[in-house]
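Given next are the chains, with one letter for each unit.
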Amino acid sequence: MTLVYSFLFCGFICLIGQIILDNTNFTPGHITTIFVVLGSVLGVCSFYDKIVKVVGAGANIPIMSFGNLLLNGSYSGYLEDGLLGLFSGILVPVSAGIVSAIVFAFIMTLFFKAQD
Amino acid sequence: MNKKEYLKLVKKFTPKEKKLKNAFNAFLMGGTLGFIADGLKCLIVKWAHIPIKEATTWVLIIYIFLASLFTGLGFFDKLVMKFKCGLIVPITGFAHSITSSALDYKNDGLITGLGGYLFRLAGCILLYGIIAAFFLAILKVIIYV
């Protein structure tokens, strides 16, 4: 059942993004930024974690999940290490994503050239 | 010709994109990505016997790897042109922006080109994500602790 929810949720988020992209003169950069900040806002009341519980991995794929993970990292860092944790914990949950993106991008530059 | 007439003319000559078709494409592609992600997560949990949280991270890493690879091979740009937000809003868009700016600026040198421009497109996600998350985390601490 989570498969169907994943399809609907992830598709719905992309649909909203596409509607914003078509009807305003925002660039894709604006849209991803809006979604990241929105994910953080939804994380304040742990609302996004509830969505992830119901929907499954389909809710981890949109970039909103990135904002939510940043907020969770900072908050749980505070619970563990106090004030220092606010700074040191913020990148912990997303470091796998950022590091893998950088590493794979670097590897790709060794093998491929830009296509015109 | 006043400003209103000019704007009307501009509107007349800008190509009308098929909004409905774009929206449908984005919905279909985003939904398919979410569907595959959840299926992949279930398979990893079942076969590798690791917790759901780690399996989700593996799914993200697989998606980032595939997006980077397809960008390097050259056909991901065409897919993005067709499906637009269906590929930009999921994590694949993040990997695509980093890999494509890495490939574009490789010729300008390793330090000034690749190093300087790697986060040219993805920087806004990191900057505003971290700023928003930091201050909202303080708010959450004030509310709940």
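Numbering of residues starts from 1 in each chain and follows the order in which that chain's sequence is written. Just so you know, chain letters begin at A and ligand numbers begin at 1, following the order they were written in. Where totals are concerned, whole chains, interfaces and linings use all residues; where local detail is concerned, this predicted model gives features only for residues with pLDDT of at least 70, and gives and counts side-chain atom pairs only at 80 or more. Heavy atoms from the whole structure form the basis of all side-chain values; hydrogens and water molecules are not counted.

1. A few points about the confidence of the model for chain B
Here is the rule: As a per-residue measure, pLDDT reflects the predictor's confidence and takes values from 0 up to 100.
Looking at chain B as a whole, the pLDDT averages 91, with 97% of positions reaching at least 70. We note a pTM of 0.90 for the whole complex and an ipTM of 0.93 for its interfaces.

2. Concerning a nonpolar patch on the surface
We apply this condition: Every patch collects residues that have over 30% relative accessible area and no salt bridge, joining them within 9 Å if they carry like charges and within 5 Å if they are nonpolar side chains (Val, Leu, Ile, Met, Phe, Trp, Tyr). With residues, only the protein chains shown are counted as cover, and all accessible areas are computed by Shrake-Rupley using a 1.4 Å probe. Just to be clear on terms, a salt bridge is a Lys or Arg side-chain nitrogen sitting within 4 Å of an Asp or Glu carboxyl oxygen. Comment: elements are numbered from the N terminus, with helices defined as DSSP H or I runs of at least four residues and strands as E runs of at least two.
Together, Val99, Val103, Phe106, Ile107, Leu110 and Phe111 of chain A make up a nonpolar patch on the protein surface, roughly 590 Å² of accessible area in all. On the secondary structure map, Val103 of chain A appears in helix H6 (residues 95-111).

3. Describing the nonpolar core
Here is the rule: For the purposes of this section, nonpolar cores are sets of buried Ala, Val, Leu, Ile, Met, Phe, Trp, Tyr and Cys residues that join through side-chain atoms within 4.5 Å. Burial classes follow relative accessibility: with a 1.4 Å probe on protein chains only, a residue under 20% of its type's maximum area counts as buried, one over 50% as exposed, and anything between as partly exposed. It only takes one pair of heavy atoms within 4.5 Å for two residues to be counted as in contact.
If you look at the biggest cluster of nonpolar residues, it comprises 59 residues, and the most contacted ones within it are Ile63 and Phe66 of chain A together with Phe94 of chain B. The dominant element in this core, judged by the number of residues it contributes, is helix H3 (residues 52-73) of chain B, at 7 residues. Excluding its chain neighbours within four sequence positions, the residues that come into contact with Phe66 of chain A are Val94 and Ile98 of chain A together with Ile125 and Leu126 of chain B.

4. Structural notes on the interface of chain A and chain B
Using the following cut-off: Accessible area that two parts lose when put together, evaluated with a 1.4 Å probe and summed over both, is termed the buried area. Here a polar contact is recorded for every N or O atom pair within 3.5 Å, except that within protein the pair must consist of a potential hydrogen donor and a potential acceptor, and residues adjacent in sequence are included only if both atoms are side-chain atoms.
The partner chain B presents 64 residues to the 66 residues of chain A that form the contact. Both faces considered, chain A and chain B share a buried interface measuring about 5600 Å² in area, 80% of it formed by carbon and sulfur atoms. In terms of surface lost to chain B, no three residues of chain A exceed Phe7, Ile61 and Tyr75 of chain A, which account for 12% of the buried area on that side. Linking chain A to chain B there are 0 salt bridges. In this assembly, chain A and chain B are joined by 10 residue pairs in polar contact (both at pLDDT 80 or more).

5. What about the side chain of Ser100 of chain B?
All names here are of chain B. With respect to the secondary-structure elements, Ser100 resides in helix H6 (residues 91-104). A relative accessible area of 13% places Ser100 in the buried class. Discounting chain neighbours no more than four positions away, the residues touching Ser100 are Thr71 and Leu121.

6. Some thoughts on the pattern of salt bridges
Residue and element names in this part refer to chain B. Summed over all chains, the structure comprises 1 salt bridge over all chains. As a salt-bridge pair, Lys41 and Asp38 come within 3.7 Å of each other at their nearest N and O atoms. Of this pair, Lys41 and Asp38 both sit in helix H2 (residues 19-48), 3 residues apart, which is roughly one turn of the helix. By relative accessible area, Asp38 is classed as buried at 0%.

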